[in-house]
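These are the residues of each chain, in order.
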Amino acid sequence: MKDVRIWGLKRSPWVYHVAAASCNNCDIEILELLTPRYDVERFGIVLVGSPRHADALLVTGVINRKSLPRVLEVYEQTPKPCLVIGVGTCTCNNHIFRNSYNAVGPYDKYLPMSAYIPGCPPKPEAMILGVVKALSKL
Amino acid sequence: MSWFSGWWLAFAFIVFPGFLFSSTVGLALTWVDRLVSARVQWRKGPPAYQPFADVLKLLLKETVVPAGAARTAFLLAPIIGLAAMCVTAVLLFYVNFFPHASFVGDIIVLVYLFALPPLATIVGASASRNPLSAVGASREMTLYLGYELPFLLALVVPIVKTGGAIRLGDFVLMQQAGGPFLYSVSGVIAALIVLICIQAKLGYPPFDIAEAEQEIMSGVLIEYSGAPLAVFRITKAMMFFLMPLFLVTVFWGGLGNWWAILKFLLIVVLLVLIKNTNPRLKIDHALRFFWFILGVLGIAAVVLAFVGL
């Protein structure tokens, strides 16, 4: 039963995009990832409109005191099992905002992260690699 | 009617034309839909098992019932739509293979059965206590009021052509004897109206107003997760199978011969192409389109059918 569950999850990971106060650069790259050029629907990856439908959360942006409770709420709204994938260097180590009074990251202080994808912004190829690594860990 | 009783009835509802058969074919058709969409956009598209993997994954996921939701209505609503589609499948196949044995008024029963899945989404969305899904439910209701008028007007055309019969079996027999209703002016107009109403009933673009992902975050389905969401997807897949079948039965000669499969696939691909080449309408534009353009066309078709064209 567990194998069937993991097979389903690997073959159809639906993605919800959580833009947690990023500079929009990673968000634009995520949109580029979903264009026909990369055609991620080949692997069953679909962008969904509600966190209730999602299997993977793509979070972008440096986490701060204002966005932290929102991101946690979205994570709690997502039915489990769900992956959390950080896109961009900001999610890994606060990047250029590391001396800011407001940056409270990185994300794994608060959420069980499956993968980090570094880059400012990461290329769509790097994101595909990150998602594949996160899925193969299941 | 003895064939159609007892265990055979249970078998019909659960296995052959009912749940298992029509949901499998419907899910396979949603793969056709995604493949054709992918080819329109110069993509490769998902593998053939994709819809089944989606449903399997959803069935095995956690089901979240939002706090403060009307729990019973929220969880029962998807089942109503699914049950209605199982009955529709049995009725449509029965009418096609035993046209003499169908009962009087089954076309009216079918109209009400096709009204149940939208009703189920409205009930489920209203029960979920989410403002966005309430917006979606109100849009679904408005859209339903919009497309039901031209849909019923278009169904008057075959009734007029058979001389007042309200039995689907009579439609099929009449078409087997004297050629499909589609091959006449009023028949073409009515079939076109039904095609556009099917698009709206399925909630496909340009009429995906109730489920608009970008503006109201999947609208009516926003709070659904896990198994109930899977049931909604299966229901929609069954509708995607049964509604073109209904169109073939009523206007294009029924399932009398093997050509029917080709006609059916043609209608499916036409629906997918309309879906891929039209942007979403606003709800007031959709209502105006259905009442004042398709409604008038429907009246014209009925008049033409009375004249005999």
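Throughout what follows, the structure given in this document is the object of discussion. Because the structure is a prediction, the values reported are computed rather than measured.

Now for the overall build of chain A. When helices and strands are counted, chain A shows 5 helices and 5 strands. Ordering the α and β elements of chain A from the N terminus gives α-β-α-β-β-α-β-α-β-α. Principal-axis analysis of the C-alpha atoms gives chain A an extent of 45 × 30 × 25 Å. For chain A, buried positions account for 41% of its 138 residues. Considering only contacts within chain A whose residues lie at least 6 apart along the sequence, 79% involve residues at least 24 apart.

Attention now moves to the overall build of chain B. Of the regular secondary structure elements, chain B holds 12 helices and 0 strands. Listed N to C, the secondary structure of chain B is α-α-α-α-α-α-α-α-α-α-α-α in terms of helices and strands. Its C-alpha radius of gyration of 19 Å places chain B within 12% of the 19 Å reference for a compact globule of 309 residues. Here the C-alpha coordinates of chain B stretch approximately 55 × 50 × 40 Å along the principal axes. Looking at chain B as a whole, 48% of its 309 residues are labelled buried. Long-range pairs, those at least 24 residues apart, make up 79% of the contacts in chain B between residues at least 6 apart in sequence.

Let us now look at the sheet that holds strand β1 (residues 14-19) of chain A. Residue and element names in this part refer to chain A. In space, the 5 strands of this open sheet follow the order β2-β1-β3-β4-β5, with parallel pairing throughout. With partners counted over all chains shown, the strands left at the sheet margins are β2 (46-47) and β5 (115-117), one partner each. Sheet analysis places β1 next to strand β3 (residues 56-60), joined by 5 bridges and oriented parallel. Each bridged residue has a counterpart across the sheet, and for V18 the counterpart in β3 is V59. Of the strands in this sheet, β1, β3 and β4 (83-87) touch helix α2 (residues 25-33), which is tilted by about 140° from β3.

Further remarks concern the pairing of β4 of chain A. Residues and elements named next belong to chain A. Most of β4 is tucked away, with 5 of its 5 residues classed as buried. Taking every second residue as pointing to the same face, both faces of β4 are buried, with L83, I85 and V87 on one and V84 and G86 on the other. Relative to β4, β3 runs parallel, the two sharing 5 bridges. Across the sheet, L58 pairs through a bridge with I85, a residue of β4. Between β3 and its parallel partner β4, the chain crosses via helix α3 (residues 67-77), and the hand of that crossover is right-handed. Bridge analysis of β4 against β5 gives 3 bridges, and the strand direction is parallel.

Our focus in this paragraph is the interface of chain A and chain B. Listed by partner, the interface residues are 18 residues for chain A and 25 residues for chain B. Across the side of chain A that touches chain B, the residue classes break down as 5 nonpolar, 6 polar and 7 charged.

Counting 88 residues, the largest nonpolar core has A154, A190, V194, L242 and L247 of chain B as the members making the most contacts within it. Ranked by the residues each element gives to this core, the list is headed by helix α10 (residues 226-251) of chain B, at 18 residues. Apart from residues lying up to four places away in sequence, A190 of chain B is in contact with A154, V157, F251 and A301 of chain B. Core analysis: the second largest hydrophobic core is formed by 29 residues, C26, A56, V84 and L135 of chain A among them.

Residues and elements named next belong to chain B. One can describe the packing of helix α6 (residues 131-161) onto helix α12 (residues 283-307) by two numbers: an axis separation of 9 Å at closest approach and a directional angle of 10°. It follows that α6 is roughly parallel to α12 by the angle criterion. Split by residue class, the contact of α6 with α12 holds 20 nonpolar, 4 polar and 2 charged.

Two quantities define a packed helix pair, namely the angle between the axes and the distance from one axis to the other. Residue and element names in this part refer to chain B. Where α10 contacts helix α11 (residues 259-277), the two axes come as close as 9 Å, and the packing angle between them is 125°. Accordingly, the angle class assigned to the pair α10 and α11 is oblique. Judged by the sense of rotation from one axis to the other, the crossing of α10 with α11 is right-handed. Taking contact as the criterion, the partners of P244, L245, L247 and V248 in α10 are, on α11, A260, K263, F264, I267, V268 and L271. When its residues are assigned to classes, the contact of α10 with α11 shows 9 nonpolar, no polar and 1 charged.

Quick notes on the rules
Residues numbered from 1 in each chain as written. Chains lettered and ligands numbered in written order. Predicted model: local features only at pLDDT ≥ 70, side-chain atom pairs only at ≥ 80, totals over all residues. Helix = DSSP H or I, 4+ residues; strand = E, 2+ residues; numbered from the N terminus. Buried ≥ 20, exposed ≤ 12 C-beta atoms within 10 Å, placed from the backbone. Contact = placed C-beta atoms within 7 Å. Rg over C-alpha atoms; globule rule 2.2 N^0.38 Å. Pairing = 2+ DSSP bridges. Axes fitted to C-alpha atoms, helices over the stretch in contact; angles between N-to-C directions. Right-handed = clockwise from strand over helix to strand, strands pointing away. Nonpolar A, V, L, I, M, F, W, Y, C, P; charged D, E, K, R; others polar. Core = buried A, V, L, I, M, F, W, Y, C linked by C-beta atoms within 7 Å. Parallel < 35°, antiparallel > 145°, perpendicular 65-115°, else oblique. Left-handed = near helix turned anticlockwise from the far one by under 90°.

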